[in-house]
Amino acid sequence: MICIIAQQIIYIMKKISLILIVLSTVYIGSISTGCSDKPVATPVPKDTTTTGDTSGNVVTDNQINIGIKLYKLVTSKEGAKGGYSVSTSKTTISVDGTDSKNGPANFDIKFTGTKAGTFTVTGGNLEFACGRGELNTVYREEFGAAGSIFTVDITEYGPVGGKIKGTFSGTVKNLKTGQSVPVTLGVFSVTRETDQ
């Protein structure tokens, strides 16, 4: 008789243990999945990309979209400059930098005068060229806007030491293949150097 009672107690203890295991699993599962009455805030991603330069010599206000690739160019101050030539009556803007995803790219703009305004290749007062890929490699592509529809809007033309700013867009041709490629979202902001 004692043996039968002991067996029944063991059977009941096993059932209670099984119930406790199931309940603790459900409880732990609800904690780990974040189930609660309070809404869970979605974390906002933070851009922690750094250029590695803390000297203030980095320029990040220049970009160009060549075809389907957007280049947000990080340059040194020497890699983003503009200046006026008295002998040719033209302003030249040169930007040469690197995008963290798409790699190196550059663009050069040359237009007549020292004033804000709209300049076009077809109007004869603008030259534009750009390139992407590392110089002197087979991956390098160079483009020119000669004979294409291309526009540059100079929105600010500051004094020497000030800024020359603007936007650009149009069509360029691959200098090797002759293929037309759209250029969009062009933005620049360079420091005006001493007139030459």
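Provided above is the structure to which this section pertains.
Residues numbered from 1 in each chain as written. Predicted model: local features only at pLDDT ≥ 70, side-chain atom pairs only at ≥ 80, totals over all residues. Heavy atoms only, no water.

**Q** Is there a simple way to think about the overall build of the protein chain in this case?
**A** Summing up its helical and strand segments, the protein chain has one helix and eleven strands in all. Helices (α) and strands (β) of the protein chain occur, in sequence order from the N terminus, as α-β-β-β-β-β-β-β-β-β-β-β. A buried classification covers 30% of the 196 residues belonging to the protein chain. For the protein chain, long-range pairs separated by at least 24 residues make up 51% of all intrachain contacts whose partners lie at least 6 apart in sequence. Carbon and sulfur atoms make up 60% of the accessible area of the protein chain, which totals about 12,800 Å². (Helix = DSSP H or I, 4+ residues; strand = E, 2+ residues; numbered from the N terminus. Buried < 20%, exposed > 50% of the residue type's maximum accessible area, 1.4 Å probe, protein only. Contact = heavy atoms within 4.5 Å. Areas by Shrake-Rupley, 256 points an atom, 1.4 Å probe, with all protein chains shown as cover.)

**Q** So what exactly am I meant to see when it comes to unusual backbone geometry here?
**A** Apart from glycine, the bulk of residues carry a negative phi angle, and the bulk of peptide bonds sit in the trans form. The backbone of Ser-89 shows a phi angle near 60°, a positive value even though the residue is not glycine. For Ser-89, the position within the fold is in the loop between strand S3 (80-85) and strand S4 (90-99). For Ser-89, a relative accessible area of 32% gives the class partly exposed. The phi torsion at Leu-185 lies on the positive side, around 55°, for a residue other than glycine.

**Q** What is the right way to read the environment of Asp-96 from this model?
**A** Counting through the fold element by element, Asp-96 comes out in strand S4. Classification of Asp-96 as partly exposed rests on a relative accessible area of 46%. If we ignore the near neighbours within four places in the chain, the residues touching Asp-96 are Thr-75, Gly-79, Ala-105 and Asn-106.

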